[in-house]
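# Structure at a glance
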Amino acid sequence: MSVIGWIVLGLIAGFLGSKIVNSSGQGMLMDMVLGIVGAIVGGLIFNLFGTAGVTGFNIWSLIVAVIGAVVVLWLYHALAGRRGA
């Protein structure tokens, strides 16, 4: 998948993941970065369970990326919440 494909998939996954986790986004750039990281994390998680991870620009890859983005955002909020307290 091209770099532009990863950016678009990451932006969509980051936006959807942030809406699932806290209903307000982290900002476009942070959503995109966390979405791309989430796509990688989601691919790794799914590969650990023996299922295909991110396979291209399709619905399955978007689902995997959103699940990964939710995991990354949850960890981000858990760590940022501790740091702020």
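The numbering scheme is per chain: residues are counted from 1 as the chain's sequence reads. Only residues with pLDDT of at least 70 get local features here, since the model is predicted, and only at 80 or more are side-chain atom pairs given and counted; chain-wide, interface and lining totals rely on the full set of residues. Side-chain descriptors were evaluated using all non-hydrogen atoms of the structure, hydrogens and water having been removed beforehand.

On to the confidence of the model for the protein chain, then. Predictor confidence is given residue by residue as pLDDT, running from a minimum of 0 to a maximum of 100. Confidence in the prediction of the protein chain, expressed as mean pLDDT, is 76, and 81% of residues score 70 or more. Looking over the protein chain, one finds the lowest element-wise mean pLDDT in helix 2 (residues 28-48), namely 77, and the highest in helix 3 (residues 59-84), namely 79. By definition, any uninterrupted DSSP run of H or I lasting at least four residues is a helix, any uninterrupted run of E lasting at least two residues is a strand, and each is numbered from the N terminus.

By size, the foremost hydrophobic cluster in this structure holds five residues: Leu 9, Ala 13, Ala 39, Ala 65 and Val 66. Counting only elements with at least two residues in this core, the list comes to helix 1 (3-22) and helix 3. By definition in these notes, contact holds between two residues if any of their heavy atoms fall within 4.5 Å. Discounting chain neighbours no more than four positions away, the residues touching Ala 65 are Leu 9, Ala 13, Gly 38 and Ala 39. By convention a nonpolar core is built from buried Ala, Val, Leu, Ile, Met, Phe, Trp, Tyr and Cys residues, the set being connected through side-chain atoms within 4.5 Å. For every residue, the accessible area obtained with a 1.4 Å probe (protein chains only) is divided by the maximum for its type, and the residue is called buried under 20%, exposed over 50%, and partly exposed between those limits.

Moving on, we come to the packing of aromatic side chains. In this description, an aromatic ring pair is defined by two values, namely the gap between the centres and the angle between the planes. When the centres of two rings from Phe, Tyr and Trp lie within 6.5 Å, Trp using its six-membered ring, the rings pair. Their planes under 30 degrees apart give stacked, over 60 give edge-to-face, and anything left gives tilted. Within the structure shown, the criterion is met by one aromatic pair. A ring pair is formed by Phe 46 and Trp 60, whose centres lie 5.5 Å apart and whose planes are at 85 degrees; its orientation type is edge-to-face. Here Phe 46, found in helix 2, pairs with Trp 60, found in helix 3; they are 14 residues apart in sequence, far enough to count as distant. Taking the relative accessible area as the measure of exposure, Phe 46 reaches 15% and is therefore buried. In this structure Trp 60 comes out as partly exposed when scored by relative accessible area, which is 35%.

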